[in-house]
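Listed here are the chains, written in short residue letters.
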Amino acid sequence: MDKFIIRGGKKLKGTVTISGAKNAALALMPATLLASGKYQLDNTPELRDIATMSRLLQTMGVDIERRSHSLHLNTFRVNKFEAPYEHVKKMRASIYVLGPLIARYGYAKVSLPGGCAWGPRPVNLHIEAIRKLGAAVDIDQGYIIARAKRLKAAKLAFDVSSVGATGNALMAAVLAKGTTIIENAAMEPEIVALAQFLMKMGARIDGISTTRLEIEGVDALHPVDETMIPDRIETGTFLIAAAITGGTVKLERCKPNHCTALLAKLEEAGAVLQMGDTWIKIKAPRAVEPVDVTTAVYPGFPTDMQAQWIALMSIAKGSCMVTDSIYYDRFKHVPELVRLGADIELSKNVAVVKGVKKLAGAKVMSTDLRASASLILAGLVAEGKTEVLRVYHLDRGYESIEKKLQQLGADIRRVSGQEF
Ligand code: EPZ
């Protein structure tokens, strides 16, 4: 169990390169199950979650080889159609194999994901979608067992906008007979990237980047190569790292127009931004203004940036409210930030953050990916030494985060080894 030791107070300066999007790769990798052959996925970040997805696909017979940031997949010999509990409990996104398996092989046995660090995360929308597309679905001893000769088109309407359920429904519908409609589809850039990847494979999809998708099923798809879009959450995390430390940083190989809600809030907080198509330069506010945020589905303020925003607001010159309308219980970072001296009152899914003059270093515990990021951000500005324990959570979703921060002048180092 590694930990990070951070000595706060350094203003970040310099340039950082953003990696490929974890949540795009986690959708495109299982999509390769839809057609036999060779794929090359470039700009794929080296992350624990990507390794977990790779191992899962390998148990199904997919050959996968990583050459730097390129993944080479070969799906000629897929011969197992299961996602066992030991994989799914490690990473909920494993459920993304459900749609492609049932669409291409007519059978899927996928473990229910169970809870995650911050509470229950149901998969009812995934199950309802493939049932409506004609699959017979049973839940047996914690597994989703789905069977279908050939899926048939349907009109799907999600009560709740769901990234994962939209992804699974899309990957099921592309090989279904007839034209499927998906109403209230998620529009996150990672879902747009999945739809574009499927189109390159020969799928017929209308309405990409809108909440209404129309998919005309085809008989077969073919393998293609693709390059991952930049990771918009890593982008947001480094923007806040610059803002919270009073620094000036340039982010390269990012996509500002995937981050518009966050960029607007950062300007409201007093940051000065310049940007092009693939870069953003941020100059931190002299003093951070308090700015209310309510998370929403894309293009709203992402729930995956909620914890990082609370960290920034903890040193603002006033109070604000941060509301998570997507996950009501995604606040495990709050008690840890309070250990660093933050003044945060939580009631249900609303955090009232009263800015304090300074944070003071302490030992804090990571609980989930984005909560860990918020602790790192707070540690970068807290006086003295902050120890962030169990950083394997961070390694799930941030590629070499301590190296990238060191290059920007942060005093952060990884200490490997025994349970702390
Ligand atoms: C994706 O998770 C992301 N993960 C999450 O990022 C992100 O937080 C989330 O979308 C929301 O943006 C990946 O893309 C791999 P949802 P997903 O289905 O698909 C409810 C990270 O930090 N819901 O869009 O699991 C659900 O409870 C991770 O990289 C149902 O009710 O999220 C939630 O309230 C963490 N029933 C809302 O929908 C369902 O069947 C949105 O969840 C499915 C979801």
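Before reading on, note that the structure itself is shown above.
Residues numbered from 1 in each chain as written. Predicted model: local features only at pLDDT ≥ 70, side-chain atom pairs only at ≥ 80, totals over all residues. Heavy atoms only, no water.

Trainee: Explain the layout of surface pockets here, please?
Mentor: A probe as big as a water molecule, rolled over the atoms, marks out the empty space that is left. Here the second largest pocket is characterised by a volume of approximately 320 Å³. If you trace the second largest pocket, you find 18 residues lining it, with Ile 244, Thr 245, Gly 246, Ile 315 and Val 381 closest to the centre. A total of three residues in the lining of the second largest pocket trace back to one element, the largest contributor, which is helix α8 (residues 232-245). For the lining of the second largest pocket, the class distribution of residues is nine nonpolar, three polar and six charged. (1 Å grid on protein atoms, 1.4 Å probe; cavity = no way out; pocket = protein on both sides within 12 Å on 5 of 7 lines; lining within 4 Å. Points joined across faces, edges and corners; volume = space filled by probe spheres on them. Helix = DSSP H or I, 4+ residues; strand = E, 2+ residues; numbered from the N terminus. Nonpolar A, V, L, I, M, F, W, Y, C, P; charged D, E, K, R; others polar.)

Trainee: So what exactly am I meant to see when it comes to the sheet that holds strand β17 (residues 279-283) here?
Mentor: Strand-to-strand pairing in sheets goes through backbone hydrogen bonds, with the strands running parallel or antiparallel. Taking strand neighbours across the sheet as the criterion, the four strands line up as β2-β15-β17-β16 in an open arrangement whose pairing is mixed. Both edges of this open sheet fall to β2 (13-17) and β16 (272-275), since each of them pairs with a single strand only. Strand-to-strand twist in this sheet, taken as the mean axis angle between neighbours without regard to direction, amounts to 15°. Inspection of the sheet shows strand β15 (residues 248-252) paired to β17 by five bridges, in the antiparallel sense. Bridged to Val 249 within β17 is Ile 282. (Pairing = 2+ DSSP bridges. Axes fitted to C-alpha atoms, helices over the stretch in contact; angles between N-to-C directions.)

Trainee: Explain the sheet that holds strand β8 (residues 136-140) here, please?
Mentor: The four strands lie next to each other as β6-β7-β9-β8, forming an open sheet whose pairing is mixed. Pairing within the sheet leaves two strands with one partner each, and these edge strands are β6 (82-83) and β8. Bridge analysis of β6 against strand β7 (residues 107-111) gives two bridges, and the strand direction is parallel. Directly across from Ala 83, in β7, lies its bridge partner Val 110. On top of the sheet, helix α4 (residues 98-105) reaches β6, β7 and β9 (143-147); it is set at about 160° to β7, its chief contact. In this fold helix α5 (residues 124-132) packs onto β8 and β9, with an angle of close to 145° to the strand it touches most, β8. (Contact = heavy atoms within 4.5 Å.)

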